[in-house]
Amino acid sequence: MPRTARDVVFVDGVRTPFGKSGKGLYAETRADDLVVRVIRELMRRNPGLPPERVDEVAIAATTQIGDQGLTIGRSAAILAGLPRSVPGYAIDRMCAGALTAVTTSGAGISFGAYDVVIAGGVEHMGRHPMGEGVDPNPRFLSEKLVDPDALVMGNTAENLHDRFPSITKERADAYAVRSQEKVAKAYADGNLQPDLVEVLVRSIEQGYGLATEDEPPRPGTTMESLASLKTPFRAHGNVTPGNAAGLNDGATGALLAAEDVAEEMGLTGKMRLVDFSFAGVDPEVMGVGPVPATEKLFARQGISIDDIGLVEINEAFAVQVLAFLEHFGLSDDDARVNPWGGAIAIGHPLASSGVRLMMQLARQFEQRPDVRYGLTTMCVGMGMGGTILWENPNYEGGK
């Protein structure tokens, strides 16, 4: 029988507070337990969803070993108490892991293979540093398939500064200061807290406690304090720990459903998935990836940046965001872009970050019925970018 594509909605999203890797919040917490906490909170917040109606659990992790291995989508579903009939899988597209978990499972909903899915990601960079256990094929370098810089994300950011000489360290630092300020204001206004789930944590020094808010933000960051930071990836370079995301731990999860199924269960769709696109770029300048991914999507949809009312772009590095803004003719402080701040302040636990972008966009849609379309977009290691176009179901006219 022929199938008709169905509308897919983002029903809900939750995340753990993000912690600093190393001796941070989750030093004694397992990665899979972070995912379990997210799944259980999604189910608790949506009592109209019978657990057996979840058709799939797709969880991303960049480093799929140890407590991030064992097909974490399936193992976390079992640990969270979902019925054994609910399948799950693991997925990896580096930083865009959770974003890809959403597009892949969302496409399954549109096709009719699923009605309801849980999609998200986790990264415990304290337990599993980026690149742990990898064995790059020597052909990458011996046959000059990629530049050696492609394997070091900080180097790719320095290369992006070279490609866009107008993006100076001062511009990058100024963007980073604004990100910190916007996150501080978002916390003060209560915009970030609704989608955070408390996590029981333990440390040898302090015993048991609750993680209730993000650990990485540095309120009060100034241009002067950033100017004194070292440039670890290049002598006299532009990329510092202050204008880049840190090394972080955390998990995210989203509840997606076919729009008609959500209505049947009394669930409210906060965003409607319109389209998505991925594109590849030279790996040594992976940060420019969101540009062709977004252009590809715009061309297919027949729209432009002028049709977009909100943009949530991952702040892996300030230069990467600024390159996107420069390409589309937007100012460094365009009010549509990351209005509640981003990863430079909040943190970037690799594979989990895509769903954080979606949560913030969904909340902004609720507050902005004048906005019809929004983007979630991010760069991806090894030279890629991914972009999702969302529609605001609360739209009442405007942009």
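Refer to the preceding data block for the structure.
Below you will find a few notes about this structure. Everything quoted here is computed from the prediction, not taken from an experiment.

Thresholds applied
- Residues numbered from 1 in each chain as written.
- Predicted model: local features only at pLDDT ≥ 70, side-chain atom pairs only at ≥ 80, totals over all residues.
- Heavy atoms only, no water.
- Helix = DSSP H or I, 4+ residues; strand = E, 2+ residues; numbered from the N terminus.
- Rg over C-alpha atoms; globule rule 2.2 N^0.38 Å.
- Buried < 20%, exposed > 50% of the residue type's maximum accessible area, 1.4 Å probe, protein only.
- Contact = heavy atoms within 4.5 Å.
- Areas by Shrake-Rupley, 256 points an atom, 1.4 Å probe, with all protein chains shown as cover.
- Core = buried A, V, L, I, M, F, W, Y, C linked by side-chain atoms within 4.5 Å.
- 1 Å grid on protein atoms, 1.4 Å probe; cavity = no way out; pocket = protein on both sides within 12 Å on 5 of 7 lines; lining within 4 Å.
- Points joined across faces, edges and corners; volume = space filled by probe spheres on them.
- Nonpolar A, V, L, I, M, F, W, Y, C, P; charged D, E, K, R; others polar.
- Axes fitted to C-alpha atoms, helices over the stretch in contact; angles between N-to-C directions.
- Parallel < 35°, antiparallel > 145°, perpendicular 65-115°, else oblique.
- Patch = residues over 30% accessible without salt bridge, like charges linked within 9 Å, V, L, I, M, F, W, Y side chains within 5 Å.
- Salt bridge = Lys/Arg side-chain N within 4 Å of Asp/Glu carboxyl O.

**Focus on the overall build of the protein chain**
Next, step 1: Of the regular secondary structure elements, the protein chain holds 12 helices and 12 strands.
Next, step 2: Taking 2.2 N^0.38 as the reference for a compact globule, 399 residues should give roughly 21 Å; the C-alpha atoms of the protein chain span a radius of gyration of 20 Å, in line with that estimate.
Next, step 3: Dimensions of the protein chain, computed from the C-alpha atoms along their principal axes, are close to 60 × 55 × 50 Å.
Next, step 4: When each of the 399 residues of the protein chain is scored for burial, the buried share is 57%.
Next, step 5: Sequence-distant contacts, at least 24 apart, represent 79% of the contacts inside the protein chain between residues at least 6 apart.
Next, step 6: Of the roughly 15,900 Å² of accessible surface on the protein chain, 52% is carried by carbon and sulfur atoms.

**Section: the nonpolar core**
Next, step 1: Of all hydrophobic cores here, the largest spans 74 residues; its most connected members are F10, V57, V102, I118, V122, M358 and W390.
Next, step 2: The contacts of M358, once residues within four sequence positions are left out, are F10, L99, V102, M271, T376, I388 and W390.
Next, step 3: Counting 41 residues, the second largest nonpolar core, distinct from the first, contains V285, V291, I305 and Y373.

**Here's the deal with empty space enclosed by the protein**
Next, step 1: Applying the stated criterion across every chain, the model contains two cavities of 30 Å³ or more.
Next, step 2: Of the voids in this model, the largest cavity is the one considered here, and its volume is about 60 Å³.
Next, step 3: Lining of the largest cavity is provided by R15, N191, L192, D195, W340, R356, M359, Q360 and R363.
Next, step 4: It is helix α12 (residues 353–367) that contributes the most residues to the lining of the largest cavity, four residues altogether.
Next, step 5: By residue class, the composition of the lining of the largest cavity is three nonpolar, two polar and four charged.
Next, step 6: What the second largest cavity holds in volume is close to 40 Å³.
Next, step 7: Around the second largest cavity, the lining residues are F10, D12, G13, R45, D195, K270, M359, A362 and R363.
Next, step 8: At the level of secondary structure, the elements contributing two or more residues to the lining of the second largest cavity comprise β1 (8–15) and α12.
Next, step 9: Across the lining of the second largest cavity, the residue classes tally to three nonpolar, one polar and five charged.

**Some details on the environment of I313**
Next, step 1: Looking at the element boundaries, I313 is found in strand β10 (residues 310–313).
Next, step 2: Residue classification places I313 among the buried positions, given a relative accessible area of 0%.
Next, step 3: In the structure, I313 is positioned 178 residues away from D135 in sequence and 30 Å away in space, judged by C-alpha atoms.
Next, step 4: Discounting residues that sit within four places of it in the chain, I313 has contacts with Q320, V321, F324, V337, N338, L357 and T377.

**Some words on the packing of helix α6 (residues 169–188) against helix α10 (residues 318–327)**
To characterise two packed helices, one gives the angle between the axes of the helices and the distance between these axes.
Next, step 1: Where α6 meets α10, the closest approach of the two axes is 9 Å, and the angle between their N-to-C directions is 100°. When the axis of α6 is compared with that of α10, the two are roughly perpendicular. Counting all contacts with α6, which are made through R171, A172 and Y175, the residues of α10 involved are A318, V321, L322 and E326.
Next, step 2: Class assignment for the residues of the contact of α6 with α10 results in five nonpolar, no polar and two charged.

**So, a nonpolar patch on the surface**
Next, step 1: Together, L151, V152 and F233 give the surface a local cluster of nonpolar side chains, amounting to about 230 Å² of exposed area.
Next, step 2: Mapping V152 onto the fold places it in the loop between α4 (139–142) and α5 (153–163).

**Here we look at the layout of surface pockets**
Next, step 1: By volume, the largest pocket amounts to about 960 Å³.
Next, step 2: If you go around the largest pocket, you meet 43 residues; those closest to its centre are M125, M130, M153, L247 and L350.
Next, step 3: Elements with a contribution of two residues or more to the lining of the largest pocket: α5 and α11 (343–346).
Next, step 4: Per-element accounting of the lining of the largest pocket gives the leading share, three residues, to α11.
Next, step 5: When its residues are assigned to classes, the lining of the largest pocket shows 27 nonpolar, 12 polar and four charged.
Next, step 6: Together, 16 residues line the second largest pocket, and K23, G24, R202, S203 and E205 are the ones closest to its centre.
Next, step 7: Contributing elements (two or more residues each) for the lining of the second largest pocket: β6 (199–203) and β7 (207–211).
Next, step 8: Class assignment for the residues of the lining of the second largest pocket results in five nonpolar, six polar and five charged.

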